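Here's the letter readout for the chains.
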Amino acid sequence: MEKLVDHSVEIITDLVYAEIKGRQLLADLYLPKVRKEPLPVVIWLHGGGWRFGNRKLGPDFTRYFASKGYAMVSIDYRLSDEDIFPAQIHDVKTAVRWVKTIAGEYGLDRNKIGLWGSSAGGHLAALAATTESNQFIGENPLYPEMTSEVQAVAIGYGPMDFLQIDEQRKLDGITEEDPESVQIPKDKKTSDPDSFESLFLGGPILTCPERVKEANPLTYVKSGLPPFLIMHGLSDVAVPAHQSKLLYQKLADKKNNVSLYLIYGLGHGFLNRTNLDEGGPRVARCYVSNNGEEKINEGMDLLIFDTIEDFFRRELS
């Protein structure tokens, strides 16, 4: 464990939140130096197709949003070359319970926790929030005295229903130059035996539809879930924006509070770009459903990170 100091944020790296078969799973904690405790917490789940990446893959967490009064936690989870599904969601739920156990030590509010995930991390965030606390916990779970319930979920361009991705994918979009997108194969089909989704599940997705269903957050959507914020670039060639539409509609149909921003001119991986908003607002189609009542704005301007922070401030206040 190492303490680093930013001008406004204390960073505590390499905290061990679990050890599995001799493998330490690590987390970094970002705390505002000037703070009113207890702090709301946002847990970041990185992207990378469940195959690559780590807790360092993401935007600058001192800026988003530790300097704004949040405790930010960025975690590693087991990748698919180490263990297949459901190991990854086991790790995410373990991390949520761990955060609650260290709340007193670090001045955190265990009752105000949000999940923020990008791509594969967005999928895991949705799965963690839609399933019951006693689902996907594995044998002999750590920190059993705590639950994995959270109070808010923000997702960027997460895959949901793997069996629909190929037919929805558009090939004329934008390939972003962030560390996540450059590693995504350009001509790979989700149905291929070596696709990220197939490697994640441990077999070609067309041969294991029940396993695909088990990994699909839509399977578990019900009423009474925490509020969701969903963002997706309309020029995404890796994960079609329709995947986010499916999640939005399922949540809305069950009268959960959910907002969906479909953003023009953005491809995959944009949440990894700390300077994303420096070029000014983006134009998006916005769908908001509260208690089953929907409002649509076909052309609103928004700053991506400001919109996410506003969401967490509203839901974790």
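Scroll up a little and you will see the structure.
What comes next concerns the included structure. (Residues numbered from 1 in each chain as written. Predicted model: local features only at pLDDT ≥ 70, side-chain atom pairs only at ≥ 80, totals over all residues. Heavy atoms only, no water.)

1. Concerning the overall build of the protein chain
Turning to step 1, where the next piece is worked out: In terms of helices and strands, the protein chain carries eight helices and 11 strands.
Turning to step 2, where the next piece is worked out: Overall size of the protein chain, expressed as C-alpha extent along the three principal axes, is 50 × 45 × 40 Å.
Turning to step 3, where the next piece is worked out: Looking at the 317 residues of the protein chain, the share that counts as buried comes to 57%.
Turning to step 4, where the next piece is worked out: Looking at the protein chain alone, contacts between residues at least 24 apart form 73% of all its contacts between residues at least 6 apart. (Helix = DSSP H or I, 4+ residues; strand = E, 2+ residues; numbered from the N terminus. Buried < 20%, exposed > 50% of the residue type's maximum accessible area, 1.4 Å probe, protein only. Contact = heavy atoms within 4.5 Å.)

2. A few points about the pairing of strand 3 (residues 23–32)
Turning to step 1, where the next piece is worked out: Counting buried positions along strand 3 gives eight out of 10 residues, so the element sits mostly inside the fold.
Turning to step 2, where the next piece is worked out: Relative to strand 3, strand 2 (residues 9–20) runs antiparallel, the two being bridged by nine bridges. By the bridge assignment, isoleucine 12 is partnered in strand 3 with leucine 29.
Turning to step 3, where the next piece is worked out: The turn joining strand 2 and strand 3, which pair antiparallel and follow one another in sequence, is formed by two residues; a positive phi near 50 degrees is taken by lysine 21.
Turning to step 4, where the next piece is worked out: For strand 3 and strand 5 (residues 71–75), the ladder comprises four bridges, and the chain directions are antiparallel. What sits directly across from aspartate 28, in strand 5, is serine 74. (Pairing = 2+ DSSP bridges.)

3. Describing the nonpolar core
Generally speaking, nonpolar side chains in soluble globular proteins are found buried as a group.
Turning to step 1, where the next piece is worked out: Residues Ile43 and Phe228 are the most contacted members of the largest nonpolar core, which totals 71 residues.
Turning to step 2, where the next piece is worked out: If you tally residues by element for this core, the top one is helix 3 (residues 120–130), at seven residues.
Turning to step 3, where the next piece is worked out: Those residues within four positions of isoleucine 43 in sequence are excluded, and the remaining contacts are Val73, Ile75, Val96, Val99, Ile113, Gly114, Leu115 and Trp116.
Turning to step 4, where the next piece is worked out: By size, the runner-up hydrophobic cluster in this structure holds 32 residues, among which are Val42, Phe270, Phe311 and Leu316. (Core = buried A, V, L, I, M, F, W, Y, C linked by side-chain atoms within 4.5 Å.)

4. Re helix 7 (residues 242–253)
Turning to step 1, where the next piece is worked out: An ideal rise of 1.5 Å per residue puts 16 Å on 12 residues; helix 7 measures up with 16 Å between its terminal C-alpha atoms.
Turning to step 2, where the next piece is worked out: Taken together, the buried positions of helix 7 are Gln243, Ser244, Leu246, Leu247, Tyr248, Leu251 and Ala252.
Turning to step 3, where the next piece is worked out: Of the residues one or two after helix 7, lysine 255 is the one with positive phi, at around 65 degrees. (Expected span 1.5 Å × (residues − 1).)

5. Here we look at the packing of aromatic side chains
Turning to step 1, where the next piece is worked out: Under the criterion given, the structure shown has 19 aromatic pairs.
Turning to step 2, where the next piece is worked out: Geometrically, the ring pair formed by phenylalanine 65 and tryptophan 116 is stacked, given 5.2 Å between the ring centres and 25 degrees between the ring planes. Placement of phenylalanine 65 in the loop between strand 4 (39–45) and strand 5 and of tryptophan 116 in strand 6 (residues 108–118) is noted, with a sequence separation of 51 residues between them. With respect to burial, phenylalanine 65 and tryptophan 116 carry one shared label: buried.
Turning to step 3, where the next piece is worked out: An angle of 80 degrees between the planes, with centres 6.2 Å apart, marks the rings of tryptophan 116 and phenylalanine 305 as edge-to-face. Of this pair, tryptophan 116 sits in strand 6 while phenylalanine 305 sits in helix 8 (residues 304–315), placing them 189 residues apart in sequence. Across this residue pair, the class does not change: tryptophan 116 and phenylalanine 305 are buried.
Turning to step 4, where the next piece is worked out: Site record: aromatic cluster; members linked through ring pairs are Tyr30, Trp44, Phe61, Tyr64, Phe65, Tyr70, Trp116 and Phe305. (Phe/Tyr/Trp six-rings, centres within 6.5 Å; stacked < 30°, edge-to-face > 60°.)

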